[in-house]
Amino acid sequence: MVELFTSQGCSSCPPADALMAELAQRDDVIALALHVDYWDYIGWKDVFADPAFTRRQKAYAHAAGKRSIYTPQMVVEGEDHVVGYRPMDLAHLIEAHAVTESPVTLSLSRQGDTVTVSAVSTQAFGEDAVLQIVRYQPEQLVDIERGENAGKSLLYTNIVDAWTPVARWNGADPLSMSIEAAGGEPVVAILQRPGPGEILAAARLR
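This text gives an overview of the structure that appears in the document. (Residues numbered from 1 in each chain as written. Predicted model: local features only at pLDDT ≥ 70, side-chain atom pairs only at ≥ 80, totals over all residues. Heavy atoms only, no water.)

Looking only at helices and strands, one finds three helices and eleven strands in the protein chain. Taken over the C-alpha trace, the protein chain has a radius of gyration of 17 Å; the compact-globule value for 206 residues is 17 Å, and the two agree within 12%. A principal-axis box enclosing the C-alpha atoms of the protein chain has dimensions of 55 × 40 × 25 Å. The buried share of the protein chain, taken over its 206 residues, is 47%. Expressed as a percentage of contacts within the protein chain between residues at least 6 apart in sequence, the contacts between residues at least 24 apart total 67%. Surface exposure of the protein chain reaches about 9,900 Å², of which carbon and sulfur atoms provide 49%. Charge-centre separation for the protein chain: the mean point of 16 positive side chains lies 5 Å from the mean point of 27 negative side chains. (Helix = DSSP H or I, 4+ residues; strand = E, 2+ residues; numbered from the N terminus. Rg over C-alpha atoms; globule rule 2.2 N^0.38 Å. Buried < 20%, exposed > 50% of the residue type's maximum accessible area, 1.4 Å probe, protein only. Contact = heavy atoms within 4.5 Å. Areas by Shrake-Rupley, 256 points an atom, 1.4 Å probe, with all protein chains shown as cover. Lys, Arg positive; Asp, Glu negative; His and termini not counted. Charge placed at Lys NZ, Arg CZ, Asp CG, Glu CD.)

Here you go:
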């Protein structure tokens, strides 16, 4: 699971946005772009920005004991932070987390406009994990008219529209719940330790 905090008003972000497009093609990585709003004052309001995503980035910084937030910044599995465009560092972190075992198995299934989220764990948790449902746009081209990227047409990928906590789960009993997902829209389910902390499991329906 890779979260990219980015902004259309940030001149350092396009390389990371392009890397996000590459990650989005992989079946072994769930890559999501969260557009923050703290660049909007420069002269171009990011059309995808949401203050909630800025708050999520700040919460990660607080949990990690960091005083500052940056764009671009990637967070891997809710734990490791990559600031700037550092594809090799990101690749090494993805490889390291790929071999880490989780007690949780999470799956999604779709029937019509209903998606069922199912999870089981080999152990109960000391503190409830948070089940979050994420909706995103797979791709959109944006013409930037002002700000640091003025005059560029930039392609954005896996653009998060909504990131919603829907339940808490202690892992002791199997979890099953249904959500609405009209029109076969992409859906991601994430089970994460509070903080926000470690992502225990994530699953996606495209």
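Right, picking up where we left off after that structure.
Right, let's talk about the packing of aromatic side chains for a bit. Going through the model one piece at a time under the given rule, you end up with three aromatic pairs. For the pair Phe5 and Tyr60, a centre-to-centre distance of 6.3 Å together with 75° between the ring planes defines the contact as edge-to-face. You can see Phe5 sitting in strand 1 (residues 2–6) and its partner Tyr60 sitting in helix 2 (residues 51–63), a full 55 residues away along the chain. For Tyr60, a relative accessible area of 2% puts it in the buried group. Taking the centre distance of 6.0 Å and the plane angle of 75° together, the rings of Phe48 and Tyr156 count as edge-to-face. Here the residue Phe48 occupies a position in the loop between strand 2 (31–35) and helix 2, and Tyr156 occupies one in strand 8 (residues 153–169), the gap between them amounting to 108 residues. (Phe/Tyr/Trp six-rings, centres within 6.5 Å; stacked < 30°, edge-to-face > 60°.)

For the rest of this paragraph, the subject is the side chain of Glu3. Secondary-structure assignment places Glu3 in strand 1. When neighbours within four sequence positions are excluded, Glu3 is seen to be in contact with Leu32, Leu34, Arg56, Tyr60, Gln73, Met74, Val75, Trp163 and Ile199.

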